[in-house]
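# Per-entry structural report
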Amino acid sequence: MTAELELVRTLPWLLFSEFELLLLMAGAILLMMAVRRKAAPVQIGLLGMGTAICILELSYCLLLSRLEMADAFREDAVIAAIEKEMIVTFPFPVLLLLSALCALDFVLGLFWVQKAGERMISLDSVKESMDDLSSGILFADEKGKVVFQNLRMKELCLLLTGAELTDSRSFWETIREKSEPVKDTGERFVRLSDGRVFMLRQRFLLNQKEKRSYEQMTAVDMTEEDRLHRRLESERARQEERKERMQAYNRNVVQVTRDEEILAAKILVHDEIGHALLATRRYLENPDTDQGTHVLTLWREVGTLLSEEKAEEGEDALANLLHTAEAIGVRVVMDGPFPEEGPERDVLLQALHESITNLIRHAGGDTLYVNLWRNEEGLTMVMTNNGSAPKEEIVERGGLKYLRERVERHGGIMRLQSRPVFVLSMSFLTDAGGRHILPTDASVSEAEVAAK
Amino acid sequence: MEETKKIKVLVVDDQQMSRQLFEMYVKSSEKYELVYSLGNAMSADLYCQQRPVDLVLMDVLMKEGIDGLEAAARIKKNQPGIKIIIVTSMPEVSYLKRAREIGVDSFWYKETSREPILEIMDRTIAGEHIYPDQTPTLQLGYALSTDFTERELDILREMTTGASNAEIADTLHLSPNTVRNYIQQLMSKTGYKSRTELAVNARVKGLVISREAGKS
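What you see is a predicted model; the values in this text were computed from it and never measured. (Residues numbered from 1 in each chain as written. Chains lettered and ligands numbered in written order. Predicted model: local features only at pLDDT ≥ 70, side-chain atom pairs only at ≥ 80, totals over all residues. Heavy atoms only, no water.)

### Concerning the nonpolar core
Judged by nonpolar contacts, the single largest core of 64 residues is most densely connected at A:Ile356, A:Met426, B:Leu10, B:Val12, B:Val56, B:Met58 and B:Ile86. If one sorts the elements of this core by residue count, helix 12 (residues 343-363) of chain A sits on top with nine residues. Excluding residues within four positions of it along the chain, A:Ile356 makes contact with A:Leu321, A:Ala325, A:Ile328, A:Val330, A:Val332, A:Leu368 and B:Leu46. Counting 23 residues, the second largest nonpolar core, distinct from the first, contains B:Leu153, B:Ile168, B:Tyr192 and B:Leu207. (Core = buried A, V, L, I, M, F, W, Y, C linked by side-chain atoms within 4.5 Å. Buried < 20%, exposed > 50% of the residue type's maximum accessible area, 1.4 Å probe, protein only. Helix = DSSP H or I, 4+ residues; strand = E, 2+ residues; numbered from the N terminus. Contact = heavy atoms within 4.5 Å.)

### Let's talk about the pattern of salt bridges
Residue and element names in this part refer to chain A. In total, this model carries 30 salt bridges over all chains according to the counting rule given. A salt bridge links Glu180 to Arg191, with the shortest nitrogen-to-oxygen separation between them at 3.9 Å. Taken together, the residues span a long stretch of sequence, with Glu180 in strand 3 (residues 180-181) and Arg191 in strand 4 (residues 188-191) at a distance of eleven residues. Of the residues examined, Glu180 reaches a relative accessible area of 40% and is grouped as partly exposed. Its relative accessible area of 34% is what places Arg191 among the partly exposed residues. The closest approach of N and O atoms between Asp226 and Arg191, which form a salt bridge, is 2.8 Å. With Asp226 in helix 9 (residues 223-285) and Arg191 in strand 4, this residue pair connects regions lying 35 residues apart in the sequence. The network of salt bridges with shared partners includes Arg152, Glu155, Asp194 and Arg196. (Salt bridge = Lys/Arg side-chain N within 4 Å of Asp/Glu carboxyl O.)

### So, the packing of helix 6 (residues 150-159) of chain B against helix 7 (residues 165-172) of chain B
Residue and element names in this part refer to chain B. It is the contact of helix 6 with helix 7, at a shortest axis distance of 10 Å, that shows an interaxial angle of 125°. Classified by the interaxial angle, the pair formed by helix 6 and helix 7 is oblique. Both helix 6 and helix 7 take part in a crossing whose hand is right-handed. Taken together, the residues of helix 7 that come into contact with helix 6 (itself represented by Arg151, Asp154, Ile155, Glu158 and Met159) are Ile168, Thr171 and Leu172. For the contact of helix 6 with helix 7, the residue count by class is four nonpolar, one polar and three charged. (Axes fitted to C-alpha atoms, helices over the stretch in contact; angles between N-to-C directions. Parallel < 35°, antiparallel > 145°, perpendicular 65-115°, else oblique. Left-handed = near helix turned anticlockwise from the far one by under 90°. Nonpolar A, V, L, I, M, F, W, Y, C, P; charged D, E, K, R; others polar.)

### Remarks on the environment of A:Cys102
Residue and element names in this part refer to chain A. Within the fold, Cys102 resides in helix 5 (residues 92-119). Classification of Cys102 by relative accessible area gives buried; the value is 2%. Ignoring any residue separated from it by four or fewer positions in sequence, one finds Cys102 in contact with Leu23, Gly50, Ile53, Cys54 and Glu57.

### Describing the pairing of strand 1 (residues 136-140) of chain A
Moving residue by residue along a regular strand, the side chains alternate between the two faces of the sheet. Residues and elements named next belong to chain A. Extensive coverage of strand 1 is indicated by the burial of four of its five residues. Bridge count between strand 1 and strand 2 (residues 146-149): three bridges; the pairing is antiparallel. When the sheet's bridge partners are listed, Leu138 is paired in strand 2 with Gln149. Linkage of strand 1 to strand 2, two consecutive antiparallel strands, is achieved through a turn of five residues, within which Gly144 is found at a positive phi near 90°. (Pairing = 2+ DSSP bridges.)

### Examining unusual backbone geometry
In this model, A:Lys38 sits at a positive phi of 55°, which is unusual for a non-glycine residue. In this fold, A:Lys38 is placed in the loop between helix 2 (11-36) and helix 3 (41-72). The exposure class assigned to A:Lys38 is exposed, which follows from its relative accessible area of 70%. In this structure, B:His173 takes a positive phi of about 55° despite not being glycine. As for its placement among the helices and strands, B:His173 is situated in the loop between helix 7 and helix 8 (176-190).

### Things to note about helix 11 (residues 317-327) of chain A
Residues separated by three or four positions in an α-helix point in the same direction, a consequence of the helix having 3.6 residues per turn. Taken together, the buried positions of helix 11 of chain A are A:Ala317, A:Leu318, A:Asn320, A:Leu321, A:Thr324 and A:Ala325. Buried residues of helix 11 of chain A, seen end-on, are gathered within an arc of 160° and therefore sit on one face of the element. For helix 11 of chain A, the secondary structure elements touched by its buried residues are strand 7 (331-335) and helix 12 of chain A together with strand 2 (32-38) and helix 2 (44-50) of chain B. A:Gly329, located one to two residues past helix 11 of chain A, shows a positive phi value of around 85°. (Arc of directions from axis to C-beta.)

Geometry only, nothing functional implied.
Next comes the structure, spelled out in structure tokens:
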């Protein structure tokens, strides 16, 4: 066999060397990527070991192919030198097994490198994650030039301005024109034509390191919150309406009840008429009996009831109070219009009652002076009496304490003066906006009462 | 009976015809003397403070000012010796309870009490305390008034003011969820489809009347 033919024996080793070289290159690249992406030390170690084995295997294969070549050309000196260098020899299956293990190591390495890459934050991944946000975000430099914006903010700008977002200042101006302010927070609510609602906020941040300021604009999707808020508002309005309806109904139902009672009383009246008619008939049939007076009384009672039926529907609480005062020997001299309705009427009635009580219990007088006046600011009532002045400063307790609570609960002011004479006054003052106004002078003199 | 020995009666009822009937009953009896008649409870205690009164016939529901029970409480505070009979046509259960707490002597339902008012007056003056065993039974939807618990009636009473669940919860010191459960229970007992229907019917029948009822 010629030497050229014998060279064919070197071919498998050369091919195997090329395979090992490829493995080595793959291993080296994976090792570098694993180090760069900060893969786990065990994974880097395994990749390093695989790469080292590849180097050894490649060297061994190259040495073997050189040996085969020297053998083909009968270069005994070279053969001796190579054999001297080769400390150990590996059978081919062992080499193949090692190569397979290295290949497996590198396949795993590929997976490890990919995983390590996913954990690493790059600029692209930052942009990608910002674009995935349901909220919009934008950063601009001191001149308003946009340096970063995500897809949501880009979309908002297109919907609001119809153009690409380049200048944050003009964009914010557009937002101001097309949005509602959120109380005093500086934030703006933007309602888009598709029904979505965004809350936009502009802030200026100072980068201490670069000594530069940046503008940050955020747009938070508030569509769901807005929907819930509207629902809550409508529910509140509904409840308020229901409450008002019930209160009105409560007022009316008292009248309904009264009407029912009147009906029941009328039935009784008719019974009384029947009774009187029967008694009259019996008396007329036998006029000699002493039933005449009884019949007369019955008809008088019927007459009273029928006249009451036609009469006005009773006195109101004020008239009743004044009549009672008169009945117990108290004269009430009232000057000014007592309110016919409104929440303050009930409180003033209570005050009148309290003043009459104080007059008869403590002051020993018989006349209560009541002055009422109404001006553009509201209503004032001042009460004093002809009894003796309190011996000491009046301490508010019981009725007076409760009265003050009621006056204040209705937005009024109550003033109590013990000397030189007892004066109880209260005002229900309002300004043009319906808000309560505190008077400058808390004391009301008798002269003021007299002047009025 | 001597004129001076007659029992002095004060009638307080804001409905004129009803008041007139009570006046008639009082006048028809030899034992009693009508000293005064009032159309509003507010002045009742004033009169009692200054004039001799032995017995007060007091209605509860007033068009304005304080109600009859509050007036009764004032009278009992200052003149505990005066006997008071509460007269009402409202089956509101809380009236009976409040009347007992105040120390009202007797309680009489205008339309359903079997005993005549004069008999109640006689027995009250004799020192008896006459209270009906229960309020008049009435129908509310599918339920009878006796089917409701005290707590349910408290909730129902607040509902008649138009208060929301949160407001009712606040007033009665309950949680809004508990209030919601009670309302559902009430609706299921009565068969009413809405809370407004339930509240309106409860109020119109007089089963529950809030303290603020009828006041502006």
